[in-house]
Amino acid sequence: MKEKIIVTGSNGQLGKCLVLMLLEYGYEVIGIDIEHNEESQKLSGYSFYNLDIKNEDSTKNFFNSLVEKESIVGLVNNAATAVFTPFKNRTYEEIKTVMDVNLAGTIIMTKNFMNITETSTHPKRVVNLGSIYGEVAPDLSIYGDTPRMSSEIYGMTKAAIINFTKYLVSAYAGVNARFNCVSPGGIEFQQGPDFKKKYAARVPLGRMANEKEIAEVICFLLSNKSSYLNGENILVDGGLTKW
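All values derive from a computational prediction rather than experimental measurement.

How each quantity is defined
- Residues numbered from 1 in each chain as written.
- Predicted model: local features only at pLDDT ≥ 70, side-chain atom pairs only at ≥ 80, totals over all residues.
- Heavy atoms only, no water.
- Helix = DSSP H or I, 4+ residues; strand = E, 2+ residues; numbered from the N terminus.
- Buried < 20%, exposed > 50% of the residue type's maximum accessible area, 1.4 Å probe, protein only.
- Contact = heavy atoms within 4.5 Å.
- Areas by Shrake-Rupley, 256 points an atom, 1.4 Å probe, with all protein chains shown as cover.
- 1 Å grid on protein atoms, 1.4 Å probe; cavity = no way out; pocket = protein on both sides within 12 Å on 5 of 7 lines; lining within 4 Å.
- Points joined across faces, edges and corners; volume = space filled by probe spheres on them.
- Axes fitted to C-alpha atoms, helices over the stretch in contact; angles between N-to-C directions.
- Parallel < 35°, antiparallel > 145°, perpendicular 65-115°, else oblique.
- Left-handed = near helix turned anticlockwise from the far one by under 90°.
- Salt bridge = Lys/Arg side-chain N within 4 Å of Asp/Glu carboxyl O.
- Pairing = 2+ DSSP bridges.
- Disulfide = S-S within 2.5 Å.

### A few points about the overall build of the protein
So, point 1. Scanning the protein from N- to C-terminus turns up seven helices and seven strands.
So, point 2. Traced from its N-terminal end to its C-terminal end, the protein shows the element sequence β-α-β-α-β-α-β-α-β-α-β-α-α-β.
So, point 3. Judged by the C-alpha coordinates and their principal axes, the protein covers about 50 × 40 × 40 Å.
So, point 4. Classification of the 243 residues of the protein by burial places 49% in the buried group.
So, point 5. In the protein, of all internal contacts separated by at least 6 residues, the share reaching a separation of at least 24 is 71%.
So, point 6. If you sum the accessible surface of the protein, you get close to 12,200 Å²; carbon and sulfur atoms cover 53% of it.

Next up, the structure:
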């Protein structure tokens, strides 16, 4: 029986890459997102669910509906949202939206995953997605030609995710489970050339990341090769936070 990994935010840039990589490594993948594209729906070994992870009842029902729970060994809390309006214009609704998905959704998914795998004899693995902006503040001067300026509430939720990962290690001490966090630096996507140039100048490796470089670290943390890693926050940022 193949091991199964649940991935939230599976229809996003990193999520789609991670799903393909996990399938290549021989896992079956259960994808969670608000919607799924047609290409991913045809993947062998991939099942998908449209789910609002911040809805506690819907999430509990999803976990209760899963069959062969013994084979479900991993959860990747990849789903996240952000806002890009200026801090001086921040609204309560924007704050609540980001906190509901990034924090409440992650907590609800993790709680239900641990509950349904409670009797499993397999080692359980949870990987949370943080961010470099859970560790350091963004340099707002480099965002000239991109509207996707990193916000204070996004960084705050990612700092909380890093702390939540450490809490889980303490809460489940003595349980056959590991909890780690991956905090990516900027992943190249559709940013403007000026932003990419300025961001790359801040990175010792001289460039932005690609999604495969982040997905590989997540796969490592889900594998037995990381069997003694627990409670770590791994910064995959090309060295940006080191100077």
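### What to know about the layout of surface pockets
So, point 1. Space inside the largest pocket adds up to approximately 1,200 Å³.
So, point 2. As for the largest pocket, its lining consists of 44 residues, of which Ala80, Thr81, Ala82, Arg148 and Tyr154 are closest to the centre.
So, point 3. It is helix α1 (residues 13-24) that provides the largest number of residues to the lining of the largest pocket, a total of three residues.

### Observations regarding the packing of α1 against helix α7 (residues 211-222)
So, point 1. It is the contact of α1 with α7, at a shortest axis distance of 9 Å, that shows an interaxial angle of 50°. One way to sum up the angle between α1 and α7 is to call them oblique. α1 and α7 meet at a crossing whose hand is right-handed. Each of Gln13, Leu14, Cys17, Leu18, Met21 and Leu22 in α1 lies in contact with α7, whose residues at this interface are Glu211, Lys212, Ile214, Ala215, Glu216, Ile218, Cys219 and Leu222.

### What about the pattern of salt bridges?
So, point 1. One pass over the full model with this rule turns up 11 salt bridges.
So, point 2. Where Glu3 meets Arg125, a salt bridge forms, and the shortest distance between an N and an O atom there is 2.8 Å. Highlighted residues: Glu3 in the segment before β1 (4-8) and Arg125 in strand β5 (residues 124-129), separated in sequence by 122 residues.
So, point 3. For Arg207, the salt bridge goes to Glu213, with nearest N and O atoms at 2.6 Å.
So, point 4. Classification of Arg207 by relative accessible area gives partly exposed; the value is 40%.
So, point 5. According to the relative accessible area criterion, Glu213 is partly exposed, its value standing at 29%.
So, point 6. A network of salt bridges, in which partner residues are shared, links Arg90, Glu94 and Glu152.

### Quick word on the sheet that holds strand β3 (residues 46-50)
So, point 1. Overall, parallel pairing links the seven strands, which are arranged β3-β2-β1-β4-β5-β6-β7 in an open sheet. One side of each edge strand has no neighbouring strand; the edge strands of this open sheet are β3 and β7 (233-236). On average, each strand axis in the sheet is tilted by 20° relative to the strand beside it, whichever way the strands run.
So, point 2. Sheet topology places strand β2 (residues 28-33) next to β3; five bridges connect them, and they run parallel. Counterpart to Ile32 in the pairing with β3 is Tyr49.

### Concerning the state of the cysteines
So, point 1. This model, assessed by the stated rule, comprises zero disulfides.
So, point 2. Here Cys219 stays free of any disulfide, with the sulfur of Cys17 as its closest cysteine sulfur at 8.3 Å.

Honestly, it's all geometry; don't read function into it.
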